[in-house]
Amino acid sequence: MDIADLRDRILKQERRALARAITLVESAREDHRAQASALLESLRGAGRQALRVGLSGTPGVGKSTFIESFGMMLIGQGLRVAVLAVDPSSARSGGSILGDKTRMERLSRDKNAFIRPSPSQTHLGGVARRTREAVALCEAAGFDVVLIETVGVGQSETVVSEMSDLFLLLLAPAGGDELQGVKRGIMEMADVILVNKADGALKTTAMRTCADYAGALRLLRKRPQDPKGFPKAMTVSALEEEGLMTAWEEINTLTEWRKQEGHWTARRAAQAQFWFHEEVRQGLLARLHKAQARKDLQLLDEKVASGVITPSQAAQEMLARLA
């Protein structure tokens with residue numbers, strides 16, 4: 001693959017080149033990994049930055065509908081929007097099973113939008129391992145906003161905050177246990193909580209749910225990266241496209257404050273360090289899949305099973321062989 005040509009085409013905002021590059025960074029082949037690293041390094045000096053927005057929510061809360069309505073609203077303001085939707089993986093084929101792209105029909109047809117579903121595979125946190133690199137490619141391709149949609153809500157979902165500038169949590173009216181807001185985990189990572197489906201018969205319920213979460217957020221410890229009034233809870237209706245502009249204004253307010261106070265730059269630097277450590281950990285785990293390592297593991301497995309050696313001693317021997 002001609003990396004220099006691919007780089008130039010990405011900088012020229014060619015969608016096909018971007019799709020090909022994301023396929024490259026998602027590949028696990030060693031030669032593809034080397035090419036992907038070279039491509040990302042060559043794009044690093046482009047200096048393009050997008051607003052990275054992480055988005056998570058309970059199944060059925062309307063994430064796809066929200067993303068489509070929100071994305072179309074941003075495009076109407078002259079912005080280019082990329083959506084990286086991380087789907088659950090099929091246990092049999094390993095592929096995506098939700099098909100988010102087919103549920104965002106209007107957005108997928110717009111020339112200023114780019115939607116890329118990716119299988120989450122076995123990676124915890126609802127974010128595909130290479131999503132971070134896909135975000136960097138979308139930035140280089142000139143997109144202004146990158147929306148990163150995760151599989152669902154859970155304690156491990158917080159990894160999305162390590163690749164986004166802001167984290168939106170989408171919740172449904174009357175979802176039960178509104179005091180979840182005082183628990184650690186996903187709620188502590190949220191910058192803005194959006195109670196969706198605030199329309200029709202559910203509008204009153206959504207307002208009450210929003211008030212409950214707003215009260216719960218006040219009980220959380222103040223974070224240094226938040227101005228007064230954040231994190232906050234708001235109501236939106238993706239179906240009727242109400243409250244989206246207000247939510248976008250609040251996102252911009254928070255973003256500008258963080259940039260002025262230095263939190264934006266510091267956060268991105270900390271994220272780069274996090275992913276450096278993560279790459280080292282994943283690289284060490286990958287060594288276990290090499291032929292010799294598998295052979296050593298099998299031999300030690302048999303010794304542990306027969307009681308010849310303790311699990312701790314076997315682990316130390318295995319680590320010594322990998323060193």
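Residue positions are given per chain, counted from 1 along the sequence in the order it is written. In keeping with the predicted nature of the model, local features appear solely for residues at pLDDT of at least 70, side-chain atom pairs appear and are counted solely at 80 or more, and the whole-chain, interface and lining totals rest on all residues. To obtain the side-chain values, all non-hydrogen atoms of the structure were included, while hydrogens and water were left out.

### Quick word on the overall build of the protein chain
Okay, so step 1: Strands are runs of DSSP state E lasting at least 2 residues, helices are runs of H or I lasting at least 4, and numbering of each runs from the N terminus. Scanning the protein chain from terminus to terminus reveals twelve helices and seven strands.
Okay, so step 2: Between buried and exposed lies partly exposed: a residue is buried under 20% and exposed over 50% of the maximum accessible area for its type, with that area taken using a 1.4 Å probe on protein chains only. Looking at the 323 residues of the protein chain, the share that counts as buried comes to 46%.
Okay, so step 3: Put simply, of all contacts in the protein chain between residues at least 6 apart along the chain, 76% involve residues at least 24 apart.
Okay, so step 4: Computed by Shrake-Rupley with a 1.4 Å probe, the accessible areas treat only the displayed protein chains as cover when residues are assessed. Accessible area of the protein chain: about 16,500 Å², with a carbon and sulfur share of 53%. In what follows, a contact means two residues having at least one pair of non-hydrogen atoms within 4.5 Å.

### Here's the deal with the nonpolar core
Okay, so step 1: The biggest cluster of nonpolar side chains holds 46 residues, and the ones touching the most others in it are I10, L39, L137, C138 and I193.
Okay, so step 2: In terms of residue count, helix 2 (residues 15-26) provides more of this core than any other element does, six residues in total.
Okay, so step 3: With residues near it in sequence (within four places) discarded, I10 still touches A17, L18, A21, L39, L43, R48, L137, A140 and A141.
Okay, so step 4: For our purposes a nonpolar core is just a set of buried Ala, Val, Leu, Ile, Met, Phe, Trp, Tyr and Cys residues, chained together by side-chain atoms within 4.5 Å. Membership of the second largest hydrophobic core comes to 33 residues, among which are M104, L147, L166 and L170.

### Structural notes on the pattern of salt bridges
Okay, so step 1: For this document, the term salt bridge refers to a Lys or Arg side-chain nitrogen within 4 Å of an Asp or Glu carboxyl oxygen. Taken as a whole, this structure holds 26 salt bridges when the rule is applied.
Okay, so step 2: For R132, the salt bridge is made with E133, and the minimal N-O distance between the two is 3.6 Å.
Okay, so step 3: Classification of E133 as buried rests on a relative accessible area of 6%.
Okay, so step 4: Within this structure, R33, R130, R132, E133 and E279 form a network of salt bridges that share partners.

### Notes on helix 8 (residues 203-217)
Okay, so step 1: Residue count minus one, scaled by 1.5 Å, sets the expected span of a helix. Given a rise of 1.5 Å per residue, 15 residues ought to cover 21 Å, and the 21 Å separating the end C-alpha atoms of helix 8 matches this to within 8%.
Okay, so step 2: All buried positions along helix 8 are accounted for by T205, A206, T209, C210, Y213, A216 and L217. Projection of helix 8 onto a plane perpendicular to its axis shows the buried side chains occupying an angular sector of 135 degrees, all on one side.
Okay, so step 3: Looking at the buried residues of helix 8, the elements they touch are strand 5 (166-171), helix 7 (186-189), strand 6 (192-195) and strand 7 (232-235). The reported arc concerns the directions from the helix axis to the C-beta atoms and nothing else.

### Things to note about the side chain of Q271
Okay, so step 1: When you line up the elements, Q271 lands in helix 10 (residues 263-287).
Okay, so step 2: Beyond its immediate sequence surroundings of up to four residues, Q271 is in contact with R52, S161, E162, M163 and S164.

### Some thoughts on the pairing of strand 1 (residues 51-57)
Okay, so step 1: Of all the seven residues making up strand 1, seven are buried; the element is thus mostly covered by neighbouring parts of the structure.
Okay, so step 2: The side-chain alternation of strand 1 yields two buried faces, one formed by L51, V53, L55 and G57 and the other by R52, G54 and S56.
Okay, so step 3: In this scheme, strands are said to pair when DSSP sees at least two bridges between them. Bridge count between strand 1 and strand 4 (residues 145-149): five bridges; the pairing is parallel. By the bridge assignment for strand 4, R52 is matched with V146.
Okay, so step 4: Of the strand pairs in this sheet, strand 1 and strand 5 are connected by five bridges, and their pairing is parallel. By the bridge assignment for strand 5, V53 is matched with L166.

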